[in-house]
Amino acid sequence: MNSLQTPTIKAVFFDIDGTLFSLKNKTIPESTKKAINSLRQQGIKVIVATGRSINDLSHVKDIQFDGFMTFNGGYCMTVDGHLMFKQALHHEDIQSLITYSASSGVSFSLMYEDKVQISHASPKVKELYNHVNIPVPPLYEEANSDIHNVLQVNVFIEPEDEISFMQNIMPNSLSSRWTPLFADVNPAGISKKRGVELFCEHFKINVSETMAFGDGGNDISMLKYVKIGIAMGNANDNVKESADYVTFDVDQDGIQSALKHFGLLD
């Protein structure tokens, strides 16, 4: 965990769900929008850091960002459309998942650059997409399958089954979790920490000049890596333990409050 001495901050990374976007009220607080606008006016880079797809950012369309770290760092793009980084999951892991799902009934989502497909619309799948305010995607069709370009998978397994599943079914991949509903699965070596590294390199910013906000397990690597990692008040306990500072809930102006605390807002 990093020192809390306030450094010069040149880039701030923001998770979306439960951080920028309230999963309770299905909105972004006005205080958050104003805070991010103020950061940009100061010349500070503001970058999305999400497990969402690059094509699933409509919830933050009213905010001007400088870059988009999506698929938990597996697909990074600047605001002007320059693709900085892209890495797909190992195709053998995808085939293994499909085979396992057929015999076990475990649901999954395959997330591509331009689409999302689900194995079947199970109650858990429907709950997820309702939770994040997104329509349920179309069904995966094995006859038209593409196992070589999957950027992220959501697997609807219980937390206690996650380690065994990853070791036996998707050994070339890495899992993280921000909800008990499912695990995000990304290529091994891909995380929001890696995304921070890429954006720091692109913008020629040192990691000692970075700050990040998050609330879920997939944010932990990022919060530990940046100079000041901030957990939302609504974050999971393990996220709070990994952060340098815990602010208020997303619905209690948590982002604005933390930025004021560290002197980035008046």
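The structure we're discussing is the one just above.
These numbers were taken from a predicted model, which means no experiment stands behind them. (Residues numbered from 1 in each chain as written. Predicted model: local features only at pLDDT ≥ 70, side-chain atom pairs only at ≥ 80, totals over all residues. Heavy atoms only, no water.)

**Observations concerning the sheet that holds strand E12 (residues 228–231)**
Link 1 in the chain: Read from one edge of the open sheet, 8 strands run E5-E4-E3-E2-E1-E11-E12-E13, paired in mixed fashion. The sheet terminates laterally at strand E5 (83–86) and strand E13 (245–246), the two strands that pair on one side only.
Link 2 in the chain: Alignment of E12 against E13, held across 2 bridges, turns out to be parallel. By the bridge assignment, Ala231 is partnered in E13 with Val246.
Link 3 in the chain: On the sheet, helix H8 (residues 254–261) packs against strand E1 (11–14), strand E11 (210–214), E12 and E13 and is oriented at approximately 155 degrees with respect to E11. (Pairing = 2+ DSSP bridges. Helix = DSSP H or I, 4+ residues; strand = E, 2+ residues; numbered from the N terminus. Contact = heavy atoms within 4.5 Å. Axes fitted to C-alpha atoms, helices over the stretch in contact; angles between N-to-C directions.)

**Some points on the nonpolar core**
Link 1 in the chain: Counting residues in hydrophobic clusters, the biggest one holds 49 residues, and the most contacted among them are Phe14, Phe65, Met211, Phe213 and Leu259.
Link 2 in the chain: Ignoring any residue separated from it by four or fewer positions in sequence, one finds Phe213 in contact with Val12, Phe13, Phe14, Asp15, Thr19, Met222, Leu223, Ile230, Met232, Ile255, Ala258 and Leu259.
Link 3 in the chain: Counting 24 residues, the second largest nonpolar core, distinct from the first, contains Met69, Phe85, Cys200 and Ala231. (Core = buried A, V, L, I, M, F, W, Y, C linked by side-chain atoms within 4.5 Å. Buried < 20%, exposed > 50% of the residue type's maximum accessible area, 1.4 Å probe, protein only.)

**A few points about the environment of Met166**
Link 1 in the chain: Mapping Met166 onto the fold places it in helix H4 (residues 162–168).
Link 2 in the chain: Ignoring sequence-local partners within four residues, the contact set of Met166 consists of Pro171, Ser173, Leu174, Ser175 and Val185.

**Topic: the side chain of Asp17**
Link 1 in the chain: Along the polypeptide, Asp17 turns up in the loop between E1 and helix H1 (30–41).
Link 2 in the chain: Classification of Asp17 by relative accessible area gives buried; the value is 7%.
Link 3 in the chain: A distance of 2.7 Å separates polar atoms of two side chains, one belonging to Asp17 and the other to Arg52. (Polar contact = N/O pair within 3.5 Å; in protein donor to acceptor, adjacent residues only side chain to side chain.)

**Quick notes on H8**
Link 1 in the chain: The set of residues buried in H8 consists of Gly254, Ile255, Ser257, Ala258 and Leu259.
Link 2 in the chain: On the buried face of H8, the contacting elements are E1, H1, E11, E12 and E13.
Link 3 in the chain: Once H8 ends, the next one or two residues include Gly263, with phi positive near 80 degrees.

**Some points on the sheet that holds strand E8 (residues 152–155)**
Link 1 in the chain: Strands sit in the order E7-E6-E8-E10-E9 across an open sheet of 5 strands; the sheet is antiparallel. In the strand order of this sheet, the two ends are held by strand E7 (116–118) and strand E9 (173–179), each with one partner. This sheet shows a mean twist of 20 degrees between the axes of neighbouring strands, independent of strand direction.
Link 2 in the chain: For strand E6 (residues 108–111) and E8, the ladder comprises 4 bridges, and the chain directions are antiparallel. In the strand pairing of E8, Phe108 is matched with Val155.

Shape descriptors only; they carry no functional weight alone.
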